[in-house]
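Now for the letters of each chain:
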Amino acid sequence: MAAAQPRPARLKAAVHYTVGCLCQEVAEDKDVQFSKQTIAAISEITFRQCGVFLILCRHAKRSTVTTEDVKLLARRSSCLLKYITEKSEELALNNMEQKEKKKKKSSAVKEGRTSGEHEAAVTESEDYNMA
């Protein structure tokens, strides 16, 4: 059996695979082609940026990369910063909507149980009174 790859090599391979999949999706959607060299270059840049994120997190004594970290690195490119900000706001809005739906659903289920329990209690007491 082959020896396991070192962690950074596995991460780099995973980034390359993911970038390749994303490029394939974009290629199909936009009817363009990406060369292997282009995919490799995008993968390398992405992997290096991940290293910068890790340095930022260590400096801030955190273990999680936040959207604010991404915006901080994207601030040099106004177009990229605008796009990331819009997507971040869109995701936040979607998350809030999903939380609201879950809240409504759970409260409706609780109310349904409560009224069902109440009806069962009434039925029991009616049965008891008839006997």
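Residues numbered from 1 in each chain as written. Predicted model: local features only at pLDDT ≥ 70, side-chain atom pairs only at ≥ 80, totals over all residues. Heavy atoms only, no water.

(A) The overall build of the protein, seen in detail. Summing up its helical and strand segments, the protein has four helices and zero strands in all. The long-range share in the protein, meaning contacts at least 24 apart out of those at least 6 apart in sequence, stands at 27%. Looking at the protein as shown, the accessible area adds up to about 11500 Å², and 58% of this sits on carbon and sulfur atoms. (Helix = DSSP H or I, 4+ residues; strand = E, 2+ residues; numbered from the N terminus. Contact = heavy atoms within 4.5 Å. Areas by Shrake-Rupley, 256 points an atom, 1.4 Å probe, with all protein chains shown as cover.)

(B) Fine view of the confidence of the model for the protein. Per-residue confidence for the protein gives a mean pLDDT of 82; residues scoring 70 or more make up 79%. The element-level mean pLDDT for the protein is lowest in helix α4 (residues 78-130), coming to 74, with helix α1 (residues 7-30) highest at 92. In this model, residues 125-131 is a region of pLDDT below 50 whose contacts with residues beyond four sequence positions or in other chains number zero contacts. (pLDDT = per-residue confidence, 0-100.)

(C) Inspection of the pattern of salt bridges at higher detail. For the coordinates displayed, the defined rule picks out five salt bridges. Between Glu-44 and Lys-12 there is a salt bridge whose closest N-O contact spans 3.1 Å. Within this pair, whereas Glu-44 is found in helix α2 (residues 36-59), its partner Lys-12 is found in helix α1, the two being separated by 32 residues in sequence. Look at Glu-44 and you get partly exposed, because its relative accessible area is 25%. A salt bridge links Asp-69 to Arg-62; the shortest N-O distance between them is 2.9 Å. (Salt bridge = Lys/Arg side-chain N within 4 Å of Asp/Glu carboxyl O. Buried < 20%, exposed > 50% of the residue type's maximum accessible area, 1.4 Å probe, protein only.)

(D) Inspection of the packing of α2 against helix α3 (residues 67-74) at higher detail. Between α2 and α3, the shortest axis-to-axis distance is 11 Å and the interhelical angle comes to 120 degrees. One element, α2, and the other, α3, form an angle in the oblique class. Read as a crossing pair, α2 and α3 show a hand that is right-handed. Counting all contacts with α2, which are made through Gln-49, Val-52, Phe-53, Leu-56 and Cys-57, the residues of α3 involved are Asp-69, Val-70, Leu-72 and Leu-73. (Axes fitted to C-alpha atoms, helices over the stretch in contact; angles between N-to-C directions. Parallel < 35°, antiparallel > 145°, perpendicular 65-115°, else oblique. Left-handed = near helix turned anticlockwise from the far one by under 90°.)

(E) Here's a closer look at the packing of α1 against α2. Where α1 meets α2, the closest approach of the two axes is 9 Å, and the angle between their N-to-C directions is 130 degrees. Between α1 and α2, the interaxial angle falls into the category oblique. In the crossing of α1 with α2, the sense of the turn from one axis to the other is right-handed. Together, Pro-8, Leu-11, Lys-12, Val-15, His-16, Val-19, Gly-20 and Cys-23 of α1 and Ile-39, Ala-40, Ile-42, Ser-43, Glu-44, Thr-46 and Phe-47 of α2 make up the contact between the two elements. Across the contact of α1 with α2, the residue classes break down as nine nonpolar, four polar and two charged. (Nonpolar A, V, L, I, M, F, W, Y, C, P; charged D, E, K, R; others polar.)

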